[in-house]
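In case you want the letters, here they are:
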Amino acid sequence: MDMQVKKKLGLKERYAHMTRGLDWETSYQPMDKVFPYVKYEGIKIHDWDKWEDPFRLTMDAYWKYQGEKEKKLYAIIDAFAQNNGHLGVTDARYINALKLFIQGVSPLEYMAHRGFAHVGRQFAGIGPRVACQMQAVDELRHAQTQIHTISNYNKYYNGFHNWRHWHDNVWYLSVPKSFFDDAMTAGPFEFMVAIGFSFEYVLTNLLFVPFMSGAAYNSDMSTVTFGFSAQSDEARHMTLGLEVIKFMLEQDPDNVPIVQRWIDKWFWRGTRVLSLVATMMDYMLPKRVMSWKEAWEIYAEQNGGALFNDLARYGIRPPKAFADACEAKDHLSHQLWGTLYNYGAATAIHTWMPGTEEMDWLSAKYPESFDKYYRPRFEFWAEEAKKGNRFYNKTLPMLCTTCQIPLLFTEPGDPTKICYRESDYNGDKYHFCSDHCKEIFDHEPEKYVQSWLPVHQIYQGHCFKPGTDPTAEGFDPLAAVIEYYGMNFGRDNLDFEGSEDQKNFETWRGEATRNA
Amino acid sequence: MVVAAVKEYKFEPLDRLENFHGNQLLYVGWEDHLMFCAPFCFPLSPQMPFRAVLEQVLPGTYDYHPDFSKIDWGKVEWFKSGKPWRPDHDRTLDENGLKHKDVIRFRTPGLTGIKGSCS
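For clarity, every value in this text was computed on a predicted model and none was experimentally measured. (Residues numbered from 1 in each chain as written. Chains lettered and ligands numbered in written order. Predicted model: local features only at pLDDT ≥ 70, side-chain atom pairs only at ≥ 80, totals over all residues. Heavy atoms only, no water.)

Visitor: Quick question: what am I supposed to make of the overall build of chain B here?
Guide: On a plain count of helices and strands, chain B comes out with 1 helix and 5 strands. Its helices and strands in sequence order give chain B the pattern β-β-α-β-β-β, from N to C terminus. Rg of the C-alpha trace for chain B: 17 Å, well past the compact-globule value of 14 Å for 119 residues, more than 25% over. In terms of its C-alpha atoms, chain B occupies a principal-axis envelope of roughly 55 × 30 × 25 Å. Burial statistics for chain B: of 119 residues in total, 53% are counted as buried. Nonlocal contacts in chain B, meaning residues at least 24 apart in sequence, comprise 66% of its contacts between residues at least 6 apart. Total accessible area on chain B is roughly 5800 Å²; 50% of this is exposed by carbon and sulfur atoms. Mean positive and mean negative side-chain charge positions of chain B (15 and 16 charges, respectively) differ by 4 Å. (Helix = DSSP H or I, 4+ residues; strand = E, 2+ residues; numbered from the N terminus. Rg over C-alpha atoms; globule rule 2.2 N^0.38 Å. Buried < 20%, exposed > 50% of the residue type's maximum accessible area, 1.4 Å probe, protein only. Contact = heavy atoms within 4.5 Å. Areas by Shrake-Rupley, 256 points an atom, 1.4 Å probe, with all protein chains shown as cover. Lys, Arg positive; Asp, Glu negative; His and termini not counted. Charge placed at Lys NZ, Arg CZ, Asp CG, Glu CD.)

Visitor: Would you mind going over the nonpolar core with me for this structure?
Guide: Nonpolar side chains in soluble globular proteins generally cluster together in the buried interior. Grouped together as the largest cluster of nonpolar side chains are 202 residues, with contacts concentrated most on Phe116(A), Trp292(A) and Leu58(B). Among the elements that make up this core, the one with the highest residue count is helix H11 (residues 255–284) of chain A (17 residues). When sequence neighbours within four positions are dropped, the list of residues in contact with Leu58(B) reads Val28(B), Phe42(B), Val53(B), Phe68(B), Trp73(B) and Phe106(B). (Core = buried A, V, L, I, M, F, W, Y, C linked by side-chain atoms within 4.5 Å.)

Visitor: What is the right way to look at the pairing of strand E2 (residues 40–44) of chain B in this model?
Guide: The side chains of a regular strand alternate, residue by residue, between the two faces of the sheet. Residues and elements named next belong to chain B. Most of E2 sits inside the fold, with 4 of its 5 residues counted as buried. When strand E1 (residues 24–30) meets E2, the two strands line up antiparallel, connected through 5 bridges. Along E2, the bridge assignment pairs Gln24 with Leu44. (Pairing = 2+ DSSP bridges.)

Purely spatial values, then, with no claim about function.
Okay, structure coming up:
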């Protein structure tokens, strides 16, 4: 008797079996109670099965690919650690870019894991549920590989040991933190536009390309490797972000204005967070990849422009803030680096003034703005520092209620005037750095009146260790806050010049290349 | 209810006046001097005379700048929420109409920062 052997399933069929027909209409509880968050944002979905899976990856294939990538990554991390790879980076200033990454970005990977796990539970359609759950696993892996990779630097350098606590408390880190908290506390569709689309699709190249090519240019093989390990995942995340937008727009014309408003909001929120990356590119990399302005022109103006041309057929226009964001490309990195330098006593990274050649590079890259507005300020600081009078601004700044960045940005079209905006709500005043941050507040004031603004929290007395007495004579609030932050004064903060990091790196590298 | 939410959504603002131990917040910016990267936030008693702000509060914050000692406070132009405003130096913040989280700015005619760059 001939055996009838069934043909092995193709990838497409296998995928269909693993992602379709797994759902059922609940009978003990109404569907609205099982999926309580799918309707309140106003997004109308008529047919969840119209969801086109952007990538057809089944779990078994997923584990296999990820497992192989992990093996490679950990082999390289081990080799990097054993060969003292950290001494091969251009100079120890570079390591501050990694501090910024572990303090500001890696915790967002973890929050992305939680966010996608949450929406993966809340969507009523099985297609997006599976895609979101897979991304949730990816994001957890990214957080983990980054922590493992960067932990090697923690053995030798300051500014790494307390990153998780810093992320939740320190003033400049409340910028990325509040960005993600805003997204996490929105509904599932807004979360997908915020993180899946605006962040992962529109802006991700401006985050990962600068950090990873920055690492490559500065000979940090370990960071390059976790970047590569995440890259194929990022490609999937980008297609998921775009698919979500298209799905919502195709399901109902009423969805268009809601999605447009979210795109407007999250594009702006994202560019504000990316000002940290702008600064990293122009100031923290000893060997620069390209200027922030050049990166913005390629990834936002050209690529973003093409994307929004493509979305025009759905009735979507480019984000409202697009022109203002483009105008800021000449100023963003200089204004923010100046701010980190101002408050260099309260940062868990070192700051410094660029050297003469570096200032010339900035002049060449920013012919419209650097010499006119920023060079005089920077040269003055550099001269004062030489005289032993390094500028440390010790008075706390006014913050934007929405993006939580100090009001450091200037008026569009006038780089000599700080941009002030305000709103009155329920008898209180609220202040903003821009028209766009004000508009976000005005649309949902109940949400942002709860902003945990680090400066106000310090003045309310919430950032001192238990037992601190702010009324005691000679009380030094900055020192008390630094202690609460868990920063070691004089080791984690202050100027790079004269820092322990600088001295140790020089000594250790010297030992590797010279006879004692 | 303005916010999109699944049920009633009402929370106390985090920065209510009563959370600041008797002080109110005053934001101060110095025009044309962006070496100070952003305006400042001060927790001050509403009973503090405005003169004390000029003589006791601002110097510690601004005197790093070579222009600060050159300021003629009689000629300074003041703005409150961006509109021209005239404080009485001998009256308190409260008597000058300054409320919690008000923002004031001052311009010092003739002083425009390091090498005239508004730094």
